[in-house]
Amino acid sequence: MKLTDVLDNLGLDISALDRGDLSVTSPIDGGEIGRVTAHSAAQADAIIAKSQEAFQQWKLVPAPKRGELIRVLGNKLREHKEALGALVTLECGKIFQEGLGEVQEMIDICDLAVGLSRQLHGLTIASERPGHRMSETWHPIGPVGIISAFNFPVAVWSWNAALAVVCGNSVIWKPSEKTPITAIACQKLFEDAAREVGGVPDGLSQLLIGEADIGAQLTADKRVPVISATGSTAMGRKVGPVVAERFGRSILELGGNNAIMVCPSADLEMAVRAILFGAVGTAGQRCTSTRRLLVHKSIYEELVPALKKAYQSVKIGNPLDAGTLVGPLIDRTAYDSMQTALQGVANGKVTGGERVLSDEYPDAYYVQPAIVEMPESGQTVQHETFAPILYVYPYTDLQEAIRLQNDVPQGLSSAIFTNDVREAETFLSAAGSDCGIANVNIGTSGAEIGGAFGGEKETGGGRESGSDAWKGYMRRATSTVNYSTELPLAQGIEFDI
Ligand code: NAD
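Residues numbered from 1 in each chain as written. Predicted model: local features only at pLDDT ≥ 70, side-chain atom pairs only at ≥ 80, totals over all residues.

S.K.: For the environment of Tyr365, give the residues involved together with the corresponding values.
M.R.: Within the secondary structure, Tyr365 sits in the loop between strand S13 (355-356) and strand S14 (366-367). On the basis of neighbour count, Tyr365 is assigned to the buried category, with 24 C-beta atoms found within 10 Å. The contacts of Tyr365, once residues within four sequence positions are left out, are Pro328, Leu329, Asp331, Arg332, Ala334, Tyr335 and Arg355. (Helix = DSSP H or I, 4+ residues; strand = E, 2+ residues; numbered from the N terminus. Buried ≥ 20, exposed ≤ 12 C-beta atoms within 10 Å, placed from the backbone. Contact = placed C-beta atoms within 7 Å.)

S.K.: How would you summarise the site of the ligand if you had to cite specific residues and measurements?
M.R.: Taken together, 29 residues form the shell around the ligand, and within it Ala149, Gly215, Gly231, Glu253 and Cys287 come nearest. Counting residues per element, the ones that place at least two in the shell around the ligand are helix H8 (212-220) and helix H9 (233-245). Sort the elements by how many residues they give to the shell around the ligand and H8 lands first, with four residues. For the shell around the ligand, the per-class residue count stands at twelve nonpolar, eleven polar and six charged. Inspection of the shell around the ligand shows a minimum of three residues originating in each of domain 1 (3-254) and domain 2 (258-440). (Near = placed C-beta within 6 Å. Nonpolar A, V, L, I, M, F, W, Y, C, P; charged D, E, K, R; others polar. Domains from an automatic or database assignment.)

S.K.: Explain unusual backbone geometry to me, and be specific about the residues and the numbers.
M.R.: What you tend to see is this: most non-glycine residues have negative phi, and most peptide bonds are trans. Phi at Ala283 takes a positive value of approximately 50°, unusual for a residue other than glycine. Along the chain, the position of Ala283 falls in the loop between helix H10 (268-280) and strand S11 (290-296). On the neighbour-count criterion, Ala283 (29 C-beta atoms within 10 Å) is buried. In the Ramachandran plot, Ser467 falls in the positive-phi region, its phi being about 50° despite a non-glycine side chain. With respect to the helices, strands and loops of the structure, Ser467 is situated in the loop between strand S22 (464-465) and strand S23 (474-482). Take Ser467: there are 13 C-beta atoms within 10 Å of it, and that puts it in the partly exposed class.

S.K.: Tell me what's going on with the UniProt feature "active site" (unreviewed entry) in the protein chain, and back it up with residues and numbers.
M.R.: Those residues carrying the UniProt feature "active site" (unreviewed entry) are Glu253 in this numbering. With respect to the element layout, Glu253 can be found in strand S9 (residues 249-253). Judged by local crowding, Glu253 falls into the buried class, with 30 C-beta atoms found within 10 Å. The contacts of Glu253, once residues within four sequence positions are left out, are Thr230, Gly454, Gly460, Gly462 and Glu464. (UniProt positions renumbered as here; feature names shortened; annotations may be inferred.)

S.K.: Which residues make up the sheet that holds strand S7 (residues 205-207), and what values go with them?
M.R.: Strand order in the open sheet formed by five strands is S7-S6-S5-S8-S9, and the pairing between neighbours is parallel. Of all the strands in the sheet, just S7 and S9 have a single pairing partner and so form its edges. Adjacent strand axes in the sheet meet at a mean angle of 15°, parallel and antiparallel pairs treated alike. In the packing of helix H7 (residues 180-197) onto the sheet, contacts are made with strand S6 (171-174) and S7, and the angle to S7 comes to roughly 155°. (Pairing = 2+ DSSP bridges. Axes fitted to C-alpha atoms, helices over the stretch in contact; angles between N-to-C directions.)

S.K.: Please provide a residue-by-residue account of the nonpolar core, values included.
M.R.: Within the largest apolar cluster, 140 residues are counted, with the highest numbers of intra-cluster contacts made by Leu87 and Ala113. Sorting elements by how many residues they give to this core places helix H6 (residues 155-166) first, with ten residues. Both domains that furnish three or more residues to this core are identified here as domain 1 (3-254) and domain 2 (258-440). (Core = buried A, V, L, I, M, F, W, Y, C linked by C-beta atoms within 7 Å.)

Shown next as structure tokens:
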């Protein structure tokens, strides 16, 4: 699949992607695939002003009509699924099947948002006063800033944008500086959809291309009431306080340190498949990648060798080739941080982790996924290394496993493999996993868009996608209507005039 064909299919002006100050490389071979122009601070300022204007118009459009735009966007994504999926693979290095999967997620969230556009319902609440009616209504809130990470270069935008737009908001997207071309392609599809639908204000969706500084400018601007930021905890630690300081709302989707726990009654074949894909899929570069494995000591000697055997069958290589399961790391920095993490293993046994295919791809970073077996007394690894490293610990009883699972600063995804209903329900209960995602007999990655997505603690607390996540993109008004001839005050207050 050639880049030029892909860009052509997406209707992008290839020559416009050939100049600019920001070099974009493909992790497949490290070669440059384009140059884009970063926005200046003054341009960013104008983009935000334009977004505000678009919001003033769009908020008055009835929600089901707003849904029509997202319906057409979903159809454009269906039409260009292969090309956009391939572009995702070329720019961020995930295997083609995952590139397609990411576009499918975009289509799914569009479908969800279209339905939602007729379901942005409030509440009627019983009033304590006679002849009064109380209600709660949801209204558009304003421009929504979307900051996204390299590893889900397109889906994260759509989780936010599809909901924000049907909720009556404008959006400004600051994609990762490592993946701006996929963002340019999505923006083009959005503009095509807007033209087809008609009546869509100019600037309803805009891009802000650049590095962290331009993201920081967006974050600090009080004209943008909601900032949805996806990326590392280090980024969230900067963004969160800046947004809070100006009383904005942030939706933070940050790093994970996800564990699978395998209990004595588990179906081990299923568990091995789930652990393998969770740990090595996307070369360990998903926020929900499985990073820790807690194995009951009675099955340790059966499960861990089976897992190691499965690791040997994993095909590492060009993510565009059919059959490849593990593509490259995003860049040299990612490779270095993987090596640093492995060198720092003091009392564990490391299998794998070495660089492969360096003759074929001297400027790209393919690695053998690593397993690190930790002794019983091992310290739980506390931070996320964004690479395929799986730390394996034996445990003795469920309470200990739950304690270890929760004993990290992050709280994104977790899973238990068991056929024991007591264990499963304990894991899902208030006494169990403290994560935003808790699964039974399913791995940690691969969430469906119907549920709310996000995690606790240093993962940031934000929720996106399904369930009632749409409320994050609206403001709530509580209204009381008095249709009586009296004016009773709340809390029984009376006074004479
Ligand atoms: P990153 O934090 O380096 O960058 C993410 C985005 O934040 C980029 O667009 C970057 O330019 C921007 N940014 C950085 N500093 C900023 C600042 N001070 N102000 C505003 N914007 C700033 O992350 P990455 O390397 O692209 O992605 C990997 C990380 O993202 C991992 O930690 C992963 O777990 C996390 N992630 C989380 C989720 C989730 O939903 N929880 C999803 C995907 C990725």
